[in-house]
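# Overview (structure and organization)
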Amino acid sequence: MDVKKIMLDLERKHPGENEYLQAVHEVLESIEEVYNQHPEFEKAKIVERIVEPDRIITFRVTWVDDRGEIQTNLGYRIQFNSAIGPYKGGIRFHKAVNPSMLKFLGFEQTFKNALTTLPMGGAKGGSDFDPVGKSDAEIMRFCQAFMLELWQNIGPDTDVPAGDVGVGGREIGFMYGMYKKLAREYNTGVLTGKGLTWGGSLIRPEATGFGALYFVEHMLHRAGKELKGATIAISGFGNVAWGAAKKATELGAKVIAISGPDGVIHNPNGMTDEKIAYMLQLRASNQNIVAPFAEKFPDATFVPGKKAWSVKCDIALPCAFQNELTGADAEELLANGTWCVAEVSNMGCTPEAIAAFQKARILFAPGKAVNAGGVATSGLEMTQNAMHISWSAAEVDEKLHYIMQSIHEACVKAGNEGDYINYVKGANIAGFLKVAQAMLEQGIV
Ligand code: GLU
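How each quantity is defined
Residues numbered from 1 in each chain as written. Predicted model: local features only at pLDDT ≥ 70, side-chain atom pairs only at ≥ 80, totals over all residues. Heavy atoms only, no water. Helix = DSSP H or I, 4+ residues; strand = E, 2+ residues; numbered from the N terminus. Expected span 1.5 Å × (residues − 1). Buried < 20%, exposed > 50% of the residue type's maximum accessible area, 1.4 Å probe, protein only. Contact = heavy atoms within 4.5 Å. 1 Å grid on protein atoms, 1.4 Å probe; cavity = no way out; pocket = protein on both sides within 12 Å on 5 of 7 lines; lining within 4 Å. Points joined across faces, edges and corners; volume = space filled by probe spheres on them. Pairing = 2+ DSSP bridges. Axes fitted to C-alpha atoms, helices over the stretch in contact; angles between N-to-C directions. Phe/Tyr/Trp six-rings, centres within 6.5 Å; stacked < 30°, edge-to-face > 60°. Salt bridge = Lys/Arg side-chain N within 4 Å of Asp/Glu carboxyl O. Lys, Arg positive; Asp, Glu negative; His and termini not counted. Near = heavy atom within 4 Å. Polar contact = N/O pair within 3.5 Å; in protein donor to acceptor, adjacent residues only side chain to side chain. Nonpolar A, V, L, I, M, F, W, Y, C, P; charged D, E, K, R; others polar.

Taking 1.5 Å as the rise per residue, helix H16 (residues 393-415) with 23 residues should run 33 Å; its terminal C-alpha atoms sit 32 Å apart, in good agreement. Buried within H16 are the following residues: Val 396, Asp 397, Leu 400, Ile 403, Met 404, Ser 406, Ile 407, His 408, Cys 411, Val 412 and Gly 415. Each element contacted by the buried residues of H16 is listed here: helix H5 (99-115), helix H8 (204-222), helix H14 (367-370), helix H15 (372-387) and helix H17 (423-441).

As a further point, take the layout of surface pockets. Roughly 340 Å³ of volume is contained in the second largest pocket. Taken together, 15 residues make up the lining of the second largest pocket; nearest its centre are Glu 26, Glu 29, Ile 354, Gln 358 and Val 424. Contributing elements (two or more residues each) for the lining of the second largest pocket: helix H2 (18-36), helix H13 (351-359) and H17. Ranked by the residues each element gives to the lining of the second largest pocket, the list is headed by H2, at five residues.

Another point: the side chain of Asn 113. Inspection of the secondary structure puts Asn 113 in helix H5. The class of Asn 113 is buried, set by a relative accessible area of 0%. If near-sequence neighbours (up to four positions away) are discounted, Asn 113 is found in contact with Ile 84, Lys 88, Leu 118, Met 120, Gly 121, Gly 122 and Val 375.

This part is about unusual backbone geometry. Of note, the phi angle at Lys 45 is positive, near 50°, even though the residue is not glycine. Its place among the elements puts Lys 45 in the loop between helix H3 (39-43) and helix H4 (46-50). The class of Lys 45 is partly exposed, set by a relative accessible area of 42%. Positioned with a positive phi, Arg 184 is a non-glycine residue whose angle comes to about 55°. Note on placement: Arg 184 falls in the loop between helix H7 (169-183) and H8.

Moving on: the sheet that holds strand E6 (residues 231-234). Think of a sheet as strands paired side by side through backbone hydrogen bonds, with each pair either parallel or antiparallel. Spatially, the seven strands line up as an open sheet ordered E9-E8-E7-E6-E10-E11-E12, and their pairing is mixed. Where the open sheet ends on each side, the last strands, each with one partner, are strand E9 (301-304) and strand E12 (363-365). For this sheet the average axis-to-axis angle between neighbouring strands, irrespective of direction, equals 15°. Bridging between strand E8 (residues 263-266) and E9 involves four bridges; their strand directions are antiparallel.

Turning next to the packing of aromatic side chains. Applying the stated criterion across every chain, the model contains 23 aromatic pairs. Between Tyr 35 and Phe 432, the aromatic rings sit 5.8 Å apart at their centres with planes inclined by 55°, giving tilted as the arrangement. Remark: Phe 432 occurs in helix H17 and Tyr 35 occurs in helix H2; sequence separation between them is 397 residues. Of the residues examined, Tyr 35 reaches a relative accessible area of 1% and is grouped as buried. Accessibility expressed as a relative area gives 2% for Phe 432, which makes it buried.

On to the pattern of salt bridges, then. Taken as a whole, this structure holds 19 salt bridges when the rule is applied. The partner of Lys 307 in a salt bridge is Asp 329, with the nearest N and O atoms 2.6 Å apart. Separated by 22 residues along the polypeptide, Lys 307 in the loop between E9 and strand E10 (315-317) and Asp 329 in helix H12 (residues 327-335) bring together distant segments of the chain. Classification of Asp 329 by relative accessible area gives buried; the value is 9%. Across the salt bridge formed by Glu 417 and Lys 425, the nearest N and O atoms sit 3.7 Å from each other. Bridged by salt links that share partners, the residues Asp 136, Arg 170, Glu 171 and Arg 283 form one connected network.

A word on the pairing of strand E2 (residues 70-81). Bridging between strand E1 (residues 55-64) and E2 involves ten bridges; their strand directions are antiparallel. Considered in E2, the bridge of Val 64 is made with Ile 70. In sequence, E1 turns back onto E2 through a hairpin of five residues, with Gly 68 there showing a positive phi of about 85°. Of the pairings in the sheet, the one linking E2 to strand E4 (residues 122-127) comprises six bridges and is antiparallel in character.

Another point: the side chain of Glu 206. Relative to the elements of secondary structure, Glu 206 occurs in helix H8. Buried and unpaired, Glu 206 has Lys 246 as its nearest opposite-charge partner, separated by 4.3 Å. Beyond its immediate chain neighbours, meaning those up to four positions away, Glu 206 contacts Trp 242, Gly 243 and Lys 246.

With respect to spatial proximity, 13 residues lie near the ligand, and among them Lys 88, Lys 112, Gly 163, Asp 164 and Ser 378 are the closest. In this structure, Lys 124 approaches the ligand through a side-chain N or O atom, which is 3.1 Å from an oxygen atom. In this structure, an oxygen atom belonging to the ligand sits 2.5 Å away from a side-chain N or O atom of Ser 378. Those elements that provide at least two residues to the shell around the ligand are strand E3 (87-93), H5 and H15. Looking at side-chain class alone, the shell around the ligand contains two nonpolar, six polar and five charged residues.

Structure follows, in structure tokens:
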């Protein structure tokens, strides 16, 4: 494989799709050596095929806002790869959503899902709909209009969407309601992240954050370190940040910062149950600001315009958006003595930030391994739906534990460089080999 040539070809074919090109480049760089040891991959042109989505579905979503004005957004579903199972991945509602963003996410999802040990292919969808400042009724009408277009392309054995940035339990509920009306079937397995009274899985809301902390525990344990007593800075305050803050606190770490697009909250005394519960209220308010946290809890302070990475911490957990931690942020964290960074958001760190962490030889793990507990628990939700049963929280949590341990082991095995575990390489190689092998066995399709 000639990474340079493949990248040049892709840049020519997909100009300006920066996030997508960044995600592909990171994977190709990590797998190059292993790939070249498999002439059968080269012969079947696996790389040339795996970097392009199977198909992209694009549609117009028109809806009426509370003032009676007609709004038009763009909707997408990117069915990236179905070598190891039906398409699976979240839906993102954010004003910056475009094909490049969803292609990067669908590409990452393909390898992440392969790491979970469960049979799920990769997909992603979304819209440039901006939930900020919208009423619940507007969100409902948008979700319904979105599903009106999408429903014929999805199904429990075809493509199973879930939540992502801007899409949580409320939005999944509105989308399922419309799906059910159109399909005239009570087909719960078509979406995951559902409500607990109608086919949702216990622990699914917590799973991304909980799984991330289980992964971090394994990383630390292997390195002879402990979570107990460690200080943690978290970016974001949404569902993923909430689950991470909850489990980190339960495991004895101190979450000293959370953040929003408006600035950072310094929280020197750590989290309480009340503070953690309030994060959910902040997200549900649709305002996308974190400042009210410091008004509600006087021992916390709000610093406008600053990121979570300005706070001195042992462990940094990006939980918000891609490329939210830059090279300059990485230098600031390293100067402040941070010794572990685990991406909980997808591609949360820029390539410069990752290079700085790896050069400094601190513990670093990529999103596709760390945050895979979310989609893994979606897989467990699909299993429960298919069997028409529901497992207890303890059963789901135990399976999530086991999956995160397996992912950690797979990363260590494939990313062991002797004196350093390169978790980026480990995750990319382990995920790639599984998908590539399946593609090879299924012929040229
Ligand atoms: N959006 C989440 C992710 O990035 C979850 C996807 C799912 O549960 O299908 O993995």
